[in-house]
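So the chains spell out like this:
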Amino acid sequence: MTSSKSILSTFCLVLYTFIFSQNIVITGTIITDNNRPVPYSSITLTNLEDTSKVFGGLADEKGKFSVKVTPGEYELVIDQAGFDSYVDQKSLLQSTSLGNIKIEQTAKELEGIVVEGRKPLYKVELDKKIYDVSQDLTAKSGTLSDVMQNVPSVTVDVDGTVSLRGNDNVKILVDGKPSAMLGINDTAEALKSIPADMVEKIEVVTNASARYESSGTAGIINIITKKNRKKGVTGSIQMSGGSPQSYGTSINLGYGKKKWNWFTNIGFRYGKNKGKEKKNYIGYDMNHLMDENSLQDSKRNRERTSLNASTGFNFTFDEQNSLSTSIGYNYNTSNYLSTTHYNTTLYPSLIQSLTERKERENRNNYGIDGNLNFTHNFFKKGNILTVDGFYSYNLKDSDSKIYDRIPGLNTNDNTQTKIMLKSDYVLPFKEGSQLEAGMRADYSKIKSDFSLNEFKNNSWVVNPDQTDNTVYQENILSSYLQYGNKWGGFSFLAGLREETSIIKVVSRQANSTITKNYTDLFPTLHLNYDLTEKSQLQISYSRRIFRPDSRMLIPYKNISDDRNTRQGNPDLDPSYINSFELGYNLQQSNWGITPSLYYQRTQDPLQFITTSDPLGNLNTMPTNLGHENRYGGELSYSVNPYKWWKIFGDVNLFQYESYGNYSYEKINTITGSTTLVTENLDKKGFTWRTRMSMTVKLPENFNFQLQGNYMAPFKNGQNKSKEMYGMDLGISKDILKGQGTFLFNIQDVFDSKKRKFKTYGDDFYRYSEMQWRPRQFTLSFTYRFNNSNDKRSNNKKNRQQNNTDTNSDFDYINM
């Protein structure tokens, strides 16, 4: 009897093991509250008895999924960017259909859908690149300008100028809209005052669809700020300090319920740094013989304090209607002390002079903006109407005291008002096809009041050439229509955007009014083809525009260095670009590549031209010159040799051809007569730039990251830039079960980020070398809290670690 029971028990055990070791298939469909499918959601099933058994996959474009698992008790988790994580426990003993699973939407993206599993440093898609600021150990305790230096396809000059694929005509947005955070026509300076910890991610779009405004010939950089939309109380606090002297703190808070949530971000920064600049000017006479050699050595001490704050509220009325609103405030003040020594020798007399010039400048900037969004979902799936409103007001004033041969007092006060209204409508037809339409109105007004008082003959005298009151007004009315469809693996999106620009510049000093009115059409086309499940091909085209801003049009002359001045040109016209691109995306389990080829032709591109006066002073101003062609290729890649080692990189190579002549009148210092001089500025050349990031996961919750970049020499008009390179590193340590993180980073490890360039004119040569700031050391601590979701966060973190060797860092989403 005992033998029979033993045999029966053994048989049952073998049968049980056989049955429960077989794979079963779990299927279902992911939908929203209003029954719309959610494509490409991440599905994870973790065995509760053996958490090392993790199964998962992605839903298809219809939200349907199918996952093979072994029978057992499981935790089901569904993740999708812009939605709350869905968590449930399931007893799965046989193949089962879970039916429709609803997930709650809590966030909106600028365009498209992004799948989030394990967070990579950046994701490369065919139509855009997405950089995750939270994963950047080398810059996230710094400013937004620091982070921009690490974004794929983006380069940042030492003075903060941002360019995309070598073109600085970039449109920068915040959450898909203009923002007071970006200042008044001085984006480079504004980016240095925005804490990186306020930013969630950065999107780079090189060939945008008709839905986007057409401004920016290089493309669009969209800065997505943090908006904590999880349920319960969540947030983080960061404190940092460094050398040269800098410290700051940022706070991100959120509180959410089922139908509403509130979020706020506050960032404070203070810093001091020392910059330096060297110049060598050589002047030539009418016979092209050297008549002057001047060495210039400048040191600049900068002190900056900034405060940025924003808060917002999202409310879902019902399945069809939702409302979002936010308001932002920024304030920054800066103090500058610039000291320049001149050592000048005149030829052939060999008369030498040593002079000094000092300038103390104070700048203050205040800004406020507000956003309002209403979304209505019609009963038909995908039928959506959105209405957006935006308002911003900026005030920027500066005053400086000049100590030179002629002492001076310089003031420059500016105010800017911006209003934007737009509406977008999406109408789906049969499955895979839809029509989109929208209208938009932009209004911008900038008032500038600048003056220069000089101390002459024991009294202060107004310099009329440097005193004016100007008004710049820009109105843009636009509308667009685009249609998309899909057949099998092929899809397309074709659009047309119309924009009418009405621009007026008023100068009271000159008693003049300049108007520029034009209407343009901007077609776009995107063709996609899925070669396999893991590879896609895209061909895209867009026409874009660059409108000169007020700083380029108003003839205010910046005299911080009176021997090297800059001013605007009211005769500027817009530039237009036709951009073509062929892209390919391939992703495997531990590597991925996205190569692309592009061609860009720009009509009337803006070039900065430098000329000299009879005293050897140089003045730079923008002008339209001929046309420019660029032929290039870019490769973005990701390699995970081991689960603890990640490598990301980006290489951009392009051939450039620019054609144009510049004519101006030159005064003969001896006879007083004028001569028409024409400079040929045709340039051809080849250049390249690259960056690479390496992240290593170390024992005891340490992480190490190294970022490097290189820019090869480049010719542009009169200028020839030399190569520039730099390296940053960061190391972090997680404590308190992942709720706290210490981070130490070094920016510009080799102290090598210096801009060096040469300028060639008809009667002068100038060499310049500039370093905005020296090597920076920073230590920061971040504490994160989540009062309602700790268990879910820990489970999600464990799943991400378990999936490290199976998920690719290149998550591609089709159009």
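Treat the numbers as computed from the prediction; the structure is a model and nothing was measured.

### Side note on the pattern of salt bridges
- All told, the structure shown has 22 salt bridges when counted by the stated rule.
- Note that Lys299 is salt-bridged to Asp297, the shortest N-O span being 3.8 Å.
- Here Arg547 makes a salt bridge to Glu499, at a shortest N to O gap of 2.5 Å. Of this pair, Arg547 sits in the loop between strand 28 (535-546) and helix 4 (550-553) while Glu499 is found in strand 26 (residues 490-507), placing the two residues 48 residues apart along the sequence. Across the pair, Glu499 and Arg547 agree in class, each one buried.
- By sharing partners, the salt bridges in this structure join Lys171, Glu213, Arg440 and Asp442 into a single network.

### Some points on a nonpolar patch on the surface
- Judged by side-chain polarity, Ile266, Leu307, Ile327, Tyr329, Tyr366, Ile368, Tyr391, Tyr393, Ile419 and Leu421 come together as a nonpolar surface patch covering roughly 840 Å² of accessible area.
- At the level of elements, strand 19 (321-346), strand 20 (351-377), strand 21 (384-403) and strand 22 (408-428) are the ones that each hand at least two residues to the nonpolar patch.
- Within the secondary structure, Tyr393 is located in strand 21.
- Residue classification places Tyr393 among the partly exposed positions, given a relative accessible area of 31%.

### Focus on the environment of Val87
- For Val87, the location among the structural elements is in strand 6 (residues 86-92).
- As a C-alpha pair, Val87 and Val77 span 10 residues in sequence and 4.6 Å in three-dimensional space.

### Considerations on the nonpolar core
- Counting residues in hydrophobic clusters, the biggest one holds 23 residues, and the most contacted among them are Val154, Ile172, Ile202, Ile221 and Ile223.
- Contributions of two or more residues to this core are made by helix 2 (144-148), strand 10 (154-156), strand 11 (162-164), strand 12 (170-174), strand 13 (199-205) and strand 14 (219-225).
- The contacts of Val154, once residues within four sequence positions are left out, are Met148, Gln149, Val162, Ser163, Leu164, Val204, Ile221 and Arg691.
- One finds Ala59, Leu92, Leu98 and Ile103 within the second-largest nonpolar core, a separate group that totals 18 residues.

### Remarks on the pairing of strand 35 (residues 627-642)
- Strand direction decides the pairing type here: strand 32 (residues 591-603) and strand 35, joined by 13 bridges, are antiparallel. Residue pairing across strands places Gln600 opposite Arg630, the latter belonging to strand 35.
- Where strand 35 meets strand 36 (residues 645-659), 14 bridges bridge the pair, whose relative direction is antiparallel. Across the sheet, the residue bridging to Tyr642 is Trp645, located in strand 36.
- Where strand 35 folds back on strand 36, the antiparallel hairpin that results is connected by two residues.

### As for the sheet that holds strand 30 (residues 564-567)
- Strand order in the open sheet made by the four strands is 29-30-34-33, with mixed pairing throughout. Across the chains shown, the open sheet's two edge strands, defined by having one partner strand only, are strand 29 (557-558) and strand 33 (606-612).
- Bridge analysis of strand 33 against strand 34 (residues 618-624) gives seven bridges, and the strand direction is antiparallel. The residue of strand 34 that forms the bridge with Thr611 is Asn619.

### Overview of the confidence of the model for the protein chain
- A residue-level look at the protein chain finds 87% of positions with pLDDT of 70 or above and a mean pLDDT of 82.
- Between residues 788-815, whose pLDDT stays under 50, and residues either more than four places distant or in other chains, the model counts 76 contacts.

### Things to note about unusual backbone geometry
- Geometrically, the link from Ser243 to Pro244 is a cis peptide bond, its omega value of 0° lying close to zero.
- You can see Pro244 is positioned in the loop between strand 15 (232-243) and strand 16 (246-256).
- Between Tyr347 and the following residue, Pro348, the backbone shows a cis peptide bond with an omega angle of 5°.
- Note on placement: Pro348 falls in the loop between strand 19 and strand 20.
- Even without being a glycine, Asn701 presents a positive backbone phi close to 60°.
- Along the chain, the position of Asn701 falls in the loop between strand 39 (683-698) and strand 40 (702-711).
- For Asn701, a relative accessible area of 44% gives the class partly exposed.

### Details of the sheet that holds strand 4 (residues 64-69)
- In spatial order, the strands read 4-1-7; together these three strands make up an open sheet with mixed pairing. The open sheet has two free edges, formed respectively by strand 4 and strand 7 (96-102), since each of these has just one partner strand. Each strand axis lies, on average, 20° off the axis of its neighbour in the sheet, ignoring direction.
- Bridge analysis of strand 1 (residues 24-31) against strand 7 gives five bridges, and the strand direction is parallel.

Procedures and definitions
- Within each chain, residues carry numbers counting from 1 in the order of the written sequence.
- The predicted origin of the model limits local features to residues at a pLDDT of at least 70 and limits the giving and counting of side-chain atom pairs to 80 or more, whereas totals for whole chains, interfaces and linings rest on all residues.
- Side-chain calculation: all heavy atoms of the structure are included, whereas hydrogens and water are not.
- Put simply, a salt bridge is a Lys or Arg side-chain nitrogen that is within 4 Å of an Asp or Glu carboxyl oxygen.
- Strands are runs of DSSP state E lasting at least two residues, helices are runs of H or I lasting at least four, and both sets are numbered from the N terminus onward.
- Think of it in three bands: with a 1.4 Å probe and only protein chains considered, a residue is buried below 20% of the maximum accessible area for its type, exposed above 50%, and partly exposed in between.
- Two distance rules govern patches: like charges are joined within 9 Å, and nonpolar side chains (Val, Leu, Ile, Met, Phe, Trp, Tyr) within 5 Å, applied only to residues with over 30% relative accessible area and no salt bridge.
- Areas reported here follow the Shrake-Rupley algorithm with a probe of radius 1.4 Å; residue values treat only the protein chains shown as occluding.
- Remark: nonpolar core denotes a set of buried residues (Ala, Val, Leu, Ile, Met, Phe, Trp, Tyr, Cys) joined through side-chain atoms within 4.5 Å.
- We call two residues in contact when some of their heavy atoms are within 4.5 Å.
- Pairing between strands is defined by DSSP: at least two bridges between the two strands are required.
- Each residue carries a pLDDT value, the predictor's own confidence for that position, ranging from 0 to 100.
- Fitting a line to C-alpha atoms yields each axis, with helices limited to the stretch in contact; the angle taken between N-to-C directions then spans 0 to 180 degrees.

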